[in-house]
Amino acid sequence: MSIPADLKYTKEHEWVRIEGDVATVGISAHAQEALGDIVFVELPEIGRTLAVGDGCAVVESVKAVSDVYAPVAGEVIEANDELSGAPESINADPYGKGWILKVKVSALGDELMDAATYATFLEE
Amino acid sequence: MSESAEHLARTPLYEEHLALAGKMVPFAGFAMPVQYAKGALKEYTHVREGGAGIFDITHMGQVRVQGEEALDFLQYVTTNDVGKLVDGQVHYSALLDESGTFIDDITTYRISADHYYLCINASNRHKDVAHLQAQAKRFKAVVTDESDDTTLLALQGGAAQKLLQPLAGCDLETIGYYRFAITNLLGAPAIASRTGYTGEDGFELYLPNSAAVDVWRALVAAGAEPIGLAARDMLRTEMGYALYGHEISHEVTPVEAKLMWITKLDKGDFIGRSAVAARKEQGAQKGLVALKLTDRGIPREHYPVVSGGRVVGEVTSGMHSPMAGGVAIAYVEPALASEGELAIEIRGKAVPCERVKTPFVRSNVRR
């Protein structure tokens, strides 16, 4: 299972890429695999202010509904509209085309894991 | 696999499912594949687009009914008119209790005038068998539960007959819709029935457990795509077919479930008849509607149906149809069954929908 080393992860299987004060958020390869074929993504409104742990998107597969929780606090500055027409991008490319939202970060979550810690977490 | 999974029954095809990367989940007391390696959407597409899908539905139960009064017995315990069946014909039917509500929905096969075969839902098996055996005491009829000895496969999709023919001991072309043949598959005794739950042409195949692996492997080798529960439910819901525990339950009668077409009030007495006749007179207590979202979203089972800011019903089956979008079957207040605005509440937001006819997508069964 792919776990890129340059990202941070949460226990709920979100990933975060932090570049300057912008965080890009998606769900991990493990998460998309567990959900199965993703058929719908509900994206957050631009400008919405998120606290760490807020539900910020919803990913639905054929059989399951899964909330995406904000791994960082801040303001939503972009959402991946491409997912509306191609939600399966999350399955095909969870760390690339399958990104879900970008946040202008005001604070990081306390419990973000690095790749090695997340890999261990998945094994447990 | 979780600890609870250890108590689950396994079909004779359990190892085949694992070998095909089936993701096993608990279902009606069995460990069954929810999907295989390619995923539910590809499985669904294969069946809808002219291929053939193979489904292990061995969890379902089978009951044999034999005896001089087998017909009288079945007329009394089932809703459809068994007297109309000819040898080699099957029909959809139901078992009701005295209050007219469902014990189960079933199919009834007529093998001969004094010999019938029933297919029942897995989750209702023990309840059904107890009910049937208790009722049979008043008739010269013997009820035998053959569920543990029987493997049931469904082979569904436009290519089903072509794939199955080389294995079959009869000309499948001679089997019409809702007809069956007692034949053999790879030499093993089998019932091949042109029935199914997908809206595609295809067969349901009843086999002794000893033949399950050989027949499964032969069909997979011939190009049948294994299909899990998730795609099966997509195919079923798109047809608007009722499912026990969803549209059918002990809380509704055939009047609510729109199953009066299998409930023959004029065939003579049967269990639940007077209650259903009374309900028909009073009118349905709930209205069954087929809904299509006019905005984006996926309706799911148990989501509230709302009208004018008020909850007026509940979704019983819902899905994202690759062809039709967000579709749902729901029970609503009777007054709203045919007119008035309806919306489905998805995560607190009322998503408007329109009433549509089922099937939600075109059926390709052979009529």
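Just above sits the structure.
Each chain has its residues counted from 1, running along the sequence as written. Think of it this way: whatever chain is written first is A, whatever ligand is written first is 1, and the rest follow in order. Local features in this predicted model are restricted to residues of pLDDT 70 or higher, and side-chain atom pairs are both shown and tallied only at a pLDDT of 80 or more, whereas totals for entire chains, interfaces and linings draw on every residue.

A. Region of interest: the sheet that holds strand β5 (residues 89-96) of chain B. Residues and elements named next belong to chain B. At least two DSSP bridges between two strands are needed for those strands to be called paired. Strands here mean DSSP runs of E at least two residues long; helices mean DSSP runs of H or I at least four residues long; both are numbered from the N terminus. As summarised here, the arrangement of the five strands in space is β5-β6-β7-β4-β8, forming an open sheet in which the pairing is antiparallel. Unpaired on one side and paired on the other, β5 and β8 (142-145) mark the two borders of the sheet. Between one strand axis and the next, the sheet turns through 25° on average, direction left out of account. Bridging between strand β4 (residues 61-66) and β8 involves four bridges; their strand directions are antiparallel. Residue valine 63 lies in a different strand from β8, and its bridge partner there is aspartate 145. Inter-axis angles, ranging from 0 to 180 degrees, are taken between N-to-C directions of lines fitted to C-alpha atoms, where helices are fitted over the stretch in contact.

B. How the structure looks around helix α2 (residues 40-48) of chain B. Residue and element names in this part refer to chain B. Buried residues are those with 20 or more other C-beta atoms within 10 Å of their own C-beta, exposed residues have 12 or fewer, and partly exposed residues lie in between; C-beta atoms are placed from the backbone. The buried fraction of α2 amounts to seven of the nine residues, a majority that puts the element mostly inside the structure. Among the residues making up α2, those that are buried are Ala40, Leu41, Glu43, Tyr44, His46, Val47 and Arg48. Of the residues one or two after α2, glycine 50 is the one with positive phi, at around 95°.

C. View of the sheet that holds strand β17 (residues 325-332) of chain B. Residues and elements named next belong to chain B. Strand order around the closed barrel formed by six strands is β14-β17-β16-β15-β18-β19, with antiparallel pairing between neighbours. Direction aside, neighbouring strands of the sheet carry axes that sit 45° apart on average. The sheet contact formed by strand β14 (residues 287-293) and strand β19 (residues 349-355) spans three bridges and is antiparallel. When the bridges of β19 are listed, leucine 293 appears paired with cysteine 353.

D. Layout of the pairing of strand β3 (residues 53-56) of chain B. All names here are of chain B. Residues Gly53 and Phe55 line one face of β3 and the alternating positions Ile54 and Asp56 line the opposite face, and both faces are buried. Two strands pair when backbone bridges link them, and β3 and strand β9 (residues 150-156) are joined in this way by four bridges, in the antiparallel orientation. Bridge assignment links isoleucine 54 to a residue of β9, and that residue is leucine 155. In this structure, β3 lies alongside strand β13 (residues 225-226), joined through two bridges in parallel fashion. Residue pairing across strands places isoleucine 54 opposite proline 226, the latter belonging to β13.

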